[in-house]
Amino acid sequence: MTATTKTPETTPPQTPAASGSRYTILDQPRFGIKGVLGKWETLLALLLLLVFIVNGALLPHFLDPYNLADGTFNFSEKALIALPMALLIICREIDISVAGILALSSVAMGLAMNAGFPPASLLFVALATGIACGTLNGVLVTRFGLPAIVVTIGTVSLFRGLASVVLGDKAFTGYPQLMTDWGQGYFLDFIPREFVILLVFAAIFAFVLHATRWGRRIYAIGNNPIAARFSGIEVDRYRLVLFMLTGAMAGLAAFLLTGRIGSTRPNIAMGWELEAITMVILGGVSIAGGAGTIGGVMLAVLTLGTVTYGLSMANIPGIYMTIVIGLLLLVTIALPRLLRGRKVAK
Amino acid sequence: MNAFNLKSMKRELLLAGSIVVLIVGVGLRAPVFVTGASLANLLTDSTLLIMLALAQMLVIVTRGVDLSVASNLALSGMAAALLAAHNPGLPLPAIVLAAAALGLVLGLVNGYLIGYLDLPAIVVTLGTMSVYRGLVFVLSGGAWVSSHQMPADFIAFPLARLLGVTHLVWIAALAVLAAWYLAGHSRFGRDLFAIGNAPSSARYVGIPMAKRLLWTYGISGLVAGLCGYLWVARYAVAYTEIAYGFEFTVIAACVIGGINIAGGTGSVFGAVLGALFLAVIGNALPVVKVSPFWQSALTGAVILVAVLINARDRKKEGRQILPLHLDNHHSPVRSAA
């Protein structure tokens, strides 16, 4: 569970007997060093630190600030998709179709560009395509009561298929300078713009999830959708909006990625859905819903980014990265189970 | 499971009907599609998908999912290809056994993590999917194993004919029989349905859930390993990206076949028909001169339509307040006795 609201220090802990009621709602546990160390985010932060130190010691140019800044290009777009994905998974839903949405948004931008749309409008073309795709997912899930995993396995084929129907075996190239500026550009000639965008969105998502009523309701829905509905939360509306939000963020990622690589190809963002989901789960978001933090997701993003960056500096082929990601995922979910509950199911 | 109850087979009959309509429709546009050779070719093309869908069905019935099948297939297939390429003298059965055994081991790893450690299937298989796919690269060093490196009998086996039908079809037929027995007529299979329908009840009546899940994922891995050899031999090439993304096609076949992703329901017939349906679409597109780029889009649309139809069916079922259980001896959750 997450501890986002601070308990006032003045309230004395009440025992069930003292309250005189059959039911008691326990206070949040007091701040303690043990609680902090046991938290998933702390473990992730230590892991990140460890990866940083090991890489820094082994690789001579690892800590070069310009290299480090450029290393963020690797993961910024994926992480932009991982943020709304975290909200969806906390809400007990999932979206497998994000990479398909990204591909279709990129194709839509290519078509719009060839139709003579002004450069700045391409961002809105991508966002509109993403929102349309997200709305389709959301309507199928909420209106027809279908499981999100099946719906989005269907729509990922649909979206990617439509993109490949338009593209054939060709590619769109020649995107305007404005997109290159946002995809490859820097602020102050040093910090990649994509990374700044990611940080801004991470802050917004963290605020919404951890400091607003909407965020608390997302947790409530994830913990128990039926109880949430009985307590007056429009569960389906939240789900629909989250799917639309995920689509919009995939559209934004499409704008940045297309600008960065300067083209739309049939295999654009292939396999990204699984990488985004891995970031979310590694970040401590429970696949069963109801638990997780944006801070954890961002730490997972940075950890994976640092590992990737270190491996690429050591000239290790990218595919080894998939082994590392997979093992990290398996170890991180299996380890707490092995350490905490010695009892193994029979 | 009631083979003689037409009402309970409605979904499967509908699907079988659509497959026939599709074949006839395509046949009217392009008569070459309904020739014997073309249909036999279609059947051969669908076999790997059928086998994988059957194994996936057993997994989905337990409320799980195995996303690692395509990576497992690629790893086992690459291992078989390398084994054959480096030891031309090795008899073919040994190679097939090695591929199947490797697949089984990889599946059991999933099964242990999901069954004994009680971890969510989707996360575990997402992880092993990445790991297995990466290991294909490690094993091969990124190099391809092409047809001239593999022994002739290694490549010839899947498409060789026995009584006029390819070995692939025979193997798939055996797999269907085995799945039919396992799912409907063995204690093991019935336990899987019980687990998927009501996990806590299943545990309560004494079904050894961890053991059952271990071997369910084991079977899924075993089939993936066998299909790994068949895939590599059939297409006469092994490379890192073999069957990339095929796990979604397999799950799609199950979903189209009416297997509920929430667990507890599904039939062997449905899985076979779902796989056949996708194979027909894939083979029909080039014949009616639709660009193969449409295949993915059409598959997606078909999946969505299939889940919509299934969902509507379920709602109708819900309206009957007191269903008759009197003749229901084959109900999935029968007692463990």
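Residues numbered from 1 in each chain as written. Chains lettered and ligands numbered in written order. Predicted model: local features only at pLDDT ≥ 70, side-chain atom pairs only at ≥ 80, totals over all residues. Heavy atoms only, no water.

The name an unreviewed UniProt entry assigns to chain A is Autoinducer 2 import system permease protein LsrD, from the organism Pseudoduganella dura. Note on chain A: under the UniProt heading Subunit (unreviewed entry), the record states "The complex is composed of two ATP-binding proteins (LsrA), two transmembrane proteins (LsrC and LsrD) and a solute-binding protein (LsrB)." Its UniProt record gives chain A a comment under Function (unreviewed entry), which states: "Part of the ABC transporter complex LsrABCD involved in autoinducer 2 (AI-2) import. Probably responsible for the translocation of the substrate across the membrane." (UniProt positions renumbered as here; feature names shortened; annotations may be inferred.)

Residues of chain A with pLDDT of at least 70 account for 88%, and the chain-wide mean is 84. In the predicted structure, residues 1-9 of chain A sits below a pLDDT of 50 and forms 14 contacts with residues beyond four places in sequence or in another chain. (pLDDT = per-residue confidence, 0-100. Contact = heavy atoms within 4.5 Å.)

Moving on, we come to the pattern of salt bridges. Side chains that carry opposite charge are capable of pairing whenever their charged atoms lie near each other. The full count for this structure, using the stated rule, is 9 salt bridges over all chains. A salt bridge links D45(B) to R234(B), with the nearest nitrogen and oxygen atoms 2.9 Å apart. Pair noted here: D45(B) is in helix 2 (residues 36-61) and R234(B) is in helix 10 (residues 209-235), with a separation of 189 residues, a long-range link. Residue D45(B) is classed as partly exposed on the basis of its relative accessible area of 26%. Linking D191(B) and R187(B) is a salt bridge whose minimum nitrogen-to-oxygen distance equals 3.9 Å. Residue D191(B) and its partner R187(B) are both found in helix 8 (residues 187-197); the two are separated by 4 residues, about one turn of the helix. One salt-bridge network, held together by shared partners, links E77(A), E194(A) and R260(A). (Salt bridge = Lys/Arg side-chain N within 4 Å of Asp/Glu carboxyl O. Helix = DSSP H or I, 4+ residues; strand = E, 2+ residues; numbered from the N terminus. Buried < 20%, exposed > 50% of the residue type's maximum accessible area, 1.4 Å probe, protein only.)

Attention now goes to unusual backbone geometry. Residue and element names in this part refer to chain B. In the Ramachandran plot, D118 falls in the positive-phi region, its phi being about 60° despite a non-glycine side chain. Position of D118 relative to the elements: it lies in the loop between helix 4 (92-116) and helix 5 (121-140). We classify D118 as partly exposed; its relative accessible area is 42%. Its identity is not glycine, yet A236 carries a phi of approximately 55°, on the positive side. Relative to the assigned elements, A236 resides in the loop between helix 10 and strand 4 (237-238). A residue is classified by how much of its surface remains accessible, and A236, at 16% relative accessible area, is buried.

Looking now at the interface of chain B and chain A. Each side of the interface is counted separately: chain B has 43 residues, and chain A has 45 residues. The largest share of the area that chain B buries against chain A comes from F248(B), F293(B) and L304(B), three residues that together contribute 16% of it. Inspection of the chain B/chain A interface yields 0 salt bridges. Here the side of chain B that touches chain A gets 14 residues from one element, more than from any other, and that element is helix 5 of chain B. The residue makeup of the side of chain B that touches chain A, split by class, is 31 nonpolar, 8 polar and 4 charged. (Buried area = accessible area lost by both parts, 1.4 Å probe. Nonpolar A, V, L, I, M, F, W, Y, C, P; charged D, E, K, R; others polar.)

Let us look at the nonpolar core. If you look at the biggest cluster of nonpolar residues, it comprises 202 residues, and the most contacted ones within it are L102(A), M109(A), M57(B), F154(B) and Y229(B). Among the elements that make up this core, the one with the highest residue count is helix 2 of chain B (14 residues). Sequence-distant contacts of M57(B), that is, excluding residues within four places in its chain, are made with A183(B), C254(B), I259(B), G266(B), S267(B), V268(B) and A271(B). Grouped together as the second largest cluster of nonpolar side chains are 5 residues, A194(B), I195(B), A202(B) and M209(B) included. (Core = buried A, V, L, I, M, F, W, Y, C linked by side-chain atoms within 4.5 Å.)

Quick look at helix 13 (residues 235-261) of chain A now. All names here are of chain A. With 27 residues, helix 13 ought to run about 39 Å at 1.5 Å a step, and its terminal C-alpha atoms sit 39 Å apart, in line with that. Counted residue by residue, helix 13 has 19 buried out of 27 residues, so it is predominantly covered. The positive-phi residue at the C-terminal boundary of helix 13 is G262, with phi of around 70°. (Expected span 1.5 Å × (residues − 1).)

All names here are of chain B. For D66, the location among the structural elements is in the loop between helix 2 and helix 3 (69-86). As a buried residue without a salt bridge, D66 has its nearest oppositely charged side chain in R133, at a separation of 11 Å. Here the side chain of D66 touches S68 through a polar contact of 2.7 Å, side chain to side chain. Setting aside residues no more than four positions away along its own chain, D66 makes contact with Q56, V59, N110, T125, Y217 and S220. (Lys, Arg positive; Asp, Glu negative; His and termini not counted. Polar contact = N/O pair within 3.5 Å; in protein donor to acceptor, adjacent residues only side chain to side chain.)

As a further point, take the side chain of N260(B). All names here are of chain B. Looking at the secondary structure, you find N260 in the loop between helix 11 (246-256) and helix 12 (268-287). Residue class for N260 comes out buried when judged on its relative accessible area of 13%. Within the local environment of N260, its side chain forms a polar contact with the backbone nitrogen of A262, the two atoms lying 2.9 Å apart.

Residue and element names in this part refer to chain A. Listed under "transmembrane region" (unreviewed entry) in the UniProt record, and renumbered for this structure, are residues 43-63, 123-141, 148-167, 187-209, 238-257, 277-307 and 319-339. The distance from the first to the last C-alpha atom of residues 238-257 is 28 Å, and the span holds 100% helix and 0% strand. With 65% helix and 0% strand, residues 277-307 has its two end C-alpha atoms placed 17 Å apart.

With 18 residues, helix 3 of chain B extends 25 Å from end C-alpha to end C-alpha; this agrees with the ideal 26 Å at 1.5 Å per step. Helix 3 of chain B sits mainly inside the fold: 14 of its 18 residues count as buried.

A few words on the packing of helix 5 (residues 73-90) of chain A against helix 13 of chain A. All names here are of chain A. Interhelical geometry of helix 5 versus helix 13 gives an angle of 175° and a closest axis separation of 8 Å. Our classification of the angle between helix 5 and helix 13 gives roughly antiparallel. On helix 13, the residues that touch F73, E77, L80, I81, P84, L87 and L88 of helix 5 are L242, F243, L245, T246, M249, A250, L252, A253, L256, L257 and R260. Across the contact of helix 5 with helix 13, the residue classes tally to 15 nonpolar, 1 polar and 2 charged. (Axes fitted to C-alpha atoms, helices over the stretch in contact; angles between N-to-C directions. Parallel < 35°, antiparallel > 145°, perpendicular 65-115°, else oblique.)

Within this structure, the stated rule accounts for 9 aromatic pairs over all chains. When the ring of Y320(A) is compared with that of F137(B), the centres are 5.8 Å apart and the planes differ by 85°; the resulting orientation is edge-to-face. Within this pair, whereas Y320(A) is found in helix 16 (residues 318-339), its partner F137(B) is found in helix 5, the two belonging to separate chains. Taken together, a centroid distance of 5.5 Å and an interplanar angle of 55° make the contact between W231(B) and Y235(B) tilted. One end of the pair, W231(B), and the other, Y235(B), are both in helix 10, 4 residues apart, so they sit about a helical turn from each other. With a relative accessible area of 42%, Y235(B) lands in the partly exposed category. Every member of this aromatic cluster is reached through a ring pair, and the members are W231(B), Y235(B) and F246(B). Above the face of the F193(B) ring, R190(B) is positioned so that its terminal group lies 4.7 Å from the ring centre. (Phe/Tyr/Trp six-rings, centres within 6.5 Å; stacked < 30°, edge-to-face > 60°. Lys NZ or Arg CZ within 6 Å of the ring centre and 35° of its normal.)

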